[in-house]
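What follows is the residue order along each chain.
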Amino acid sequence: MIGSIRKSWQSAFEGHEVSTQAAEGTDDGVTRSCFLRMMAAGALAAGFSGSARAAVPAKASGVPPVTDIDKLYDAWQERMNSGDLEGLVDLYVENVYYVNPDGVALSGKAAVRTDLAGLLALKPQIVLGNRRHMVYENIALTTNHWRMNFFNADGVKQELTGGGIEVMRKEADGGWRYIIDDASRSAS
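Rules used in this analysis
- Residues numbered from 1 in each chain as written.
- Predicted model: local features only at pLDDT ≥ 70, side-chain atom pairs only at ≥ 80, totals over all residues.
- Heavy atoms only, no water.
- 1 Å grid on protein atoms, 1.4 Å probe; cavity = no way out; pocket = protein on both sides within 12 Å on 5 of 7 lines; lining within 4 Å.
- Points joined across faces, edges and corners; volume = space filled by probe spheres on them.
- Helix = DSSP H or I, 4+ residues; strand = E, 2+ residues; numbered from the N terminus.
- Nonpolar A, V, L, I, M, F, W, Y, C, P; charged D, E, K, R; others polar.
- Pairing = 2+ DSSP bridges.
- Buried < 20%, exposed > 50% of the residue type's maximum accessible area, 1.4 Å probe, protein only.
- Phe/Tyr/Trp six-rings, centres within 6.5 Å; stacked < 30°, edge-to-face > 60°.
- pLDDT = per-residue confidence, 0-100.
- Contact = heavy atoms within 4.5 Å.
- Core = buried A, V, L, I, M, F, W, Y, C linked by side-chain atoms within 4.5 Å.

Novice: For this particular structure, what's the right way to read empty space enclosed by the protein?
Specialist: The gaps of empty space that remain are located by a probe, the size of a water molecule, rolled over the atoms. Counted by the stated rule, this structure contains 3 cavities of 30 Å³ or more. Lining of the largest cavity is provided by 17 residues; of these, W76, I126, L128, D181 and A183 occupy positions nearest its centre. Contributions of two or more residues to the lining of the largest cavity are made by α3 (72–82), β2 (92–99), α5 (109–120), β4 (125–136), β5 (139–151) and β7 (176–185). Per-class residue counts for the lining of the largest cavity are 14 nonpolar, 1 polar and 2 charged.

So this is what it looks like as structure tokens:
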């Protein structure tokens, strides 16, 4: 099934150059334990930089920030299911580290925008369940399981399942945003 979504994603971006690197499965990839260490280091670094960052206001995007962390997954799910690319991208910090469901690691909001645009071209419907988060001051470690349905290029309904591990940070505008998002975890 991952092959189906990859084929559909590739056909949606035929002729466009997209820069990616493998996240797992190769010698150049990131192992689960390495990824968790990177998340912990990122959360720690974000915590130390929180007071300096608070003095710099967030750029206004026209999308209202999600200030209640309990509503962040709802907002992400609603924006994905309605095809709201700008709303989805607003849920990420500028220099986000993102691993898509295929395990491809991307850096920065522009790369996330391109990846999500390809996914939205499939008109997916996603349900995020088993949502959990642990909050420490302005940083949160979150997990979820997800189920996504879409139709492939042949018109056949596909269902994918997986899990996510994320690190979020409360920004100066009061909104929670992803600083690390790994949507490639197993749903088991």
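From this point on, the discussion continues.
Novice: What should I look at first to understand the pairing of β5 in this one?
Specialist: Where a strand is regular, its side chains alternate between the two sheet faces. Two strands pair when backbone bridges link them, and β4 and β5 are joined in this way by 10 bridges, in the antiparallel orientation. By the bridge assignment, M134 is partnered in β5 with L141. Between β4 and β5, which follow one another and run antiparallel, lie 2 residues, and E137 among them has a positive phi close to 55 degrees. Remark: 5 residues form the turn of the hairpin made by β5 and strand β6 (residues 157–170), two consecutive strands paired antiparallel; G155 in that turn has positive phi of roughly 85 degrees.

Novice: How do you make sense of α3 when you look at a structure like this?
Specialist: Given 3.6 residues per turn, any residue in an α-helix points the same way as the ones three and four places further on. Restricting attention to buried positions, one finds in α3 the residues L72, Y73, A75, W76, Q77, R79 and M80. Once α3 ends, the next one or two residues include G83, with phi positive near 75 degrees.

Novice: Help me understand the packing of aromatic side chains, please; the structure alone is not making it clear to me.
Specialist: Between two aromatic rings, the relevant description is the distance of the centres plus the angle of the planes. As enumerated under the stated definition, the model contains 2 aromatic pairs in all. Between Y92 and Y98, the ring centres sit 5.9 Å apart and the planes meet at 85 degrees, which makes this aromatic pair edge-to-face. This pair shows no difference in class: Y92 is buried, exactly as Y98 is. Taken together, Y92, Y98 and Y178 form an aromatic cluster joined through their ring pairs.

Novice: Help me out: how do you make sense of the pairing of β2 in this one?
Specialist: Here β2 lies mainly inside the structure; 6 of its 8 residues are buried. Relative to β7, β2 is paired through 4 bridges, and the arrangement is parallel. In the sheet register, Y97 faces β7, and the bridge partner there is I180. Of the strand pairs in this sheet, β2 and strand β3 (residues 104–107) are connected by 3 bridges, and their pairing is antiparallel. From the neighbouring strand, Y97 faces β3, where its bridge partner is S107. Connecting the antiparallel pair β2 and β3 is a turn made up of 4 residues, with G103 showing a positive phi of about 85 degrees.

Novice: Would you explain the confidence of the model for the protein chain in this entry?
Specialist: As a note on interpretation, predicted positions should not be read in detail where pLDDT is low. Across the protein chain, pLDDT averages 77, with 66% of residues at or above 70. Mean pLDDT across the elements of the protein chain bottoms out in strand β1 (residues 21–22) (39) and peaks in β2 (97). A low-confidence stretch, residues 15–58 stays under pLDDT 50, and its non-local contacts, those more than four residues away or across chains, total 56 contacts.

Novice: Looking at this structure, I do not really get the nonpolar core. What am I missing?
Specialist: Of all hydrophobic cores here, the largest spans 39 residues; its most connected members are W76, M80, Y92, L116, M168 and Y178. Taken together, the elements giving at least two residues each to this core come down to α3, β2, β3, α5, β4, β5, β6 and β7. It is β2 that provides the largest number of residues to this core, a total of 6 residues. In this structure, Y92 is in contact with W76, Y98, K109, V112, L116, R177, Y178 and D181, ignoring residues within four places of it in sequence.

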